[in-house]
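A look at the structure
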Amino acid sequence: MPAGYRKTLIRQIGQHAHSEIVGQLPEGNWITRAPTLERKAILLAKVQDEAGHGLYLYCAAETLGVSRDELTEKLLDGRMKYSSIFNYPTLNWADMGAVGWLVDGAAILNQVPLQRTSFGPYARAMVRVCKEESFHARQGFDVMRKMATGTPAQQKMAQDALNRLWFPALMMFGPSDAESTHSEQSMAWKIKMNSNDELRQKFVDQTVPQIEFLGLELPDAGIKWNEARGSYDYSDPDWSKFFDVIQGNGPCNVDRLAARNKAWKDGAWVRDGLLAHARKKAARKHAAE
Ligand code: BYC
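**Quick look at the site of the ligand**
Taken together, 33 residues surround the ligand, and among them K81, S84, S180, H182 and K192 come closest. Its free accessible area being 1,000 Å², the ligand has 90% of it covered by the protein chains. The cavity that encloses the ligand is the largest pocket. For the shell around the ligand, the secondary structure elements donating two or more residues are α1 (3-22), α3 (37-62), α5 (94-114), α6 (120-148) and α10 (239-249). Among the elements that take part in the shell around the ligand, α1 stands out by supplying six residues, more than any other. Here the shell around the ligand is built from residues that sort into 11 nonpolar, 14 polar and eight charged.

**Structural notes on helix α12 (residues 268-288)**
Its 21 residues give α12 an end-to-end C-alpha distance of 30 Å, which sits within 8% of 30 Å, the value for a rise of 1.5 Å per residue. Of all 21 residues in α12, zero are buried, a share of ten percent or less.

**Some thoughts on the packing of aromatic side chains**
Aromatic ring pairs are described here by two measures, namely the spacing of the ring centres and the angle between the planes. As enumerated under the stated definition, the model contains nine aromatic pairs in all. Judged by centre distance (5.9 Å) and plane angle (70 degrees), the ring pair of W101 and F141 falls under edge-to-face. Of this pair, W101 sits in helix α5 while F141 sits in helix α6, and the two are 40 residues apart along the sequence. Accessibility assignment for this pair places W101 and F141 in one class, buried. On the numbers, 5.6 Å between centres and 50 degrees between planes, the contact of F173 with F203 is tilted. Taken together, the residues F173 in the loop between α7 (152-171) and α8 (183-188) and F203 in helix α9 (residues 196-214) connect sequence positions 30 residues apart. For F173, a relative accessible area of 5% translates into the label buried. Residue classification places F203 among the buried residues on the basis of a relative accessible area of 0%.

**Description of empty space enclosed by the protein**
In total, this model carries two cavities of 30 Å³ or more according to the counting rule given. Roughly 60 Å³ of volume is contained in the largest cavity. Every residue lining the largest cavity is listed: P26, I85, F86, Y88, P89, T90, V99, V103 and L165. Tallied by class, the residues present in the lining of the largest cavity amount to eight nonpolar, one polar and no charged.

**A word on a negative patch on the surface**
Taken together, the side chains of E62, D69, E70 and E73 define an acidic patch exposed on the protein surface. It is helix α4 (residues 68-76) that contributes the most residues to the negative patch, three residues altogether. Along the polypeptide, E73 turns up in helix α4.

**Brief notes about the packing of α1 against α3**
Two elements in contact, α1 and α3, have axes whose closest approach is 8 Å; the angle formed by their N-to-C orientations is 160 degrees. The angle between α1 and α3 falls in the class roughly antiparallel. Here the hand of the crossing between α1 and α3 comes out left-handed. Taken together, the residues of α3 that come into contact with α1 (itself represented by I13, H16, A17, H18, E20 and I21) are E50, A51, H53, G54, L57, Y58, A60 and A61. Among the residues making up the contact of α1 with α3, the classes are represented as eight nonpolar, four polar and two charged.

**Quick notes on unusual backbone geometry**
One non-glycine residue, K190, adopts positive backbone phi at about 60 degrees. Mapped onto the elements of the fold, K190 is located in the loop between α8 and α9.

**With respect to the layout of surface pockets**
Considering only enclosed or pocket space, the largest pocket measures out at about 1,000 Å³ in volume. Lining of the largest pocket is provided by 44 residues; of these, Q15, S83, M172, F173 and G174 occupy positions nearest its centre. Only α1, α3, α5, α6, α9 and α10 provide two or more residues apiece to the lining of the largest pocket. Broken down by element, the residue count for the lining of the largest pocket peaks at nine residues, all from α5. Approximately 390 Å³ is the volume attributed to the second largest pocket.

Analysis parameters
Residues numbered from 1 in each chain as written. Predicted model: local features only at pLDDT ≥ 70, side-chain atom pairs only at ≥ 80, totals over all residues. Heavy atoms only, no water. Near = heavy atom within 4 Å. Areas by Shrake-Rupley, 256 points an atom, 1.4 Å probe, with all protein chains shown as cover. 1 Å grid on protein atoms, 1.4 Å probe; cavity = no way out; pocket = protein on both sides within 12 Å on 5 of 7 lines; lining within 4 Å. Sits in = over half its atoms within 2 Å of the grid points. Helix = DSSP H or I, 4+ residues; strand = E, 2+ residues; numbered from the N terminus. Nonpolar A, V, L, I, M, F, W, Y, C, P; charged D, E, K, R; others polar. Expected span 1.5 Å × (residues − 1). Buried < 20%, exposed > 50% of the residue type's maximum accessible area, 1.4 Å probe, protein only. Phe/Tyr/Trp six-rings, centres within 6.5 Å; stacked < 30°, edge-to-face > 60°. Points joined across faces, edges and corners; volume = space filled by probe spheres on them. Patch = residues over 30% accessible without salt bridge, like charges linked within 9 Å, V, L, I, M, F, W, Y side chains within 5 Å. Salt bridge = Lys/Arg side-chain N within 4 Å of Asp/Glu carboxyl O. Lys, Arg positive; Asp, Glu negative; His and termini not counted. Charge placed at Lys NZ, Arg CZ, Asp CG, Glu CD. Axes fitted to C-alpha atoms, helices over the stretch in contact; angles between N-to-C directions. Parallel < 35°, antiparallel > 145°, perpendicular 65-115°, else oblique. Left-handed = near helix turned anticlockwise from the far one by under 90°. Contact = heavy atoms within 4.5 Å.

See below:
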């Protein structure tokens, strides 16, 4: 395997795994405050799914010769990135709808093509991840539908969540193709199957009719159907904000990394205990042979 191919895969799969793990935090924030028992059970299951996605992805990365501890340490000291979207706060219950609908919706568009990526362990992990993400996106849309057709206060919360998360969701696909450093090589290697702008356009085209169905206002005055292109025109996100967020200066970067560092530190005794148990088991097996 060429060194560059391996390095790019470790970067992308590792960052993807970290995103799943850090991505539990904004939604985890609402588990104790879900409005009904049913919504709580659904949200809890979704957040657990994200932990599972992280696990499949770390396992896929391990097949490339990098350990999970090594990847985790690089996340914790800021050497590796995770998706920019998880550096925004979740301020009201409608955000749980908007995250499932927009964030998981964007993730699906990006990940469905990755089921055909050239590296088997990554492609196979994506099959299950995509099935689960489809459920996540639908539950998000369902929360959003309930809020958007609810009381005037609920409708306002739904609109506010859409307005705040729209541009951050567009940024999930990465910088514009002109500024994407890895796209050309990654597409040649089939690590990436589509360019950032292609997937972003697909997301806009898929989501605008859903916004209209919900009866919400469009979050961007620049959204207009373009007959000649057969697609919606839309305004570019403020890319300076995107680069600021991925450099560590988003609204929640410090909190997110602090939460992951605390979890890693607090969980040390569990890891030590499991390793001690595994060593004892192996020694017993060895003695019996
Ligand atoms: N956020 O050359 P480019 C989820 C970085 S989890 C942060 O275009 P590439 C979910 C990029 O790393 C969703 N950084 O990069 C979980 C590079 O910097 P480095 C995560 C970003 O890799 C829980 C630089 O910008 N999905 O769905 O060719 C709950 C130049 O960019 C971002 C994946 O990870 C960003 N948004 O393309 C709910 C999918 N965008 O590394 C949901 C797999 C770019 O040189 N990953 N950067 O320092 C990919 O498909 C690609 O890595 C990306 C970026 C399209 C994200």
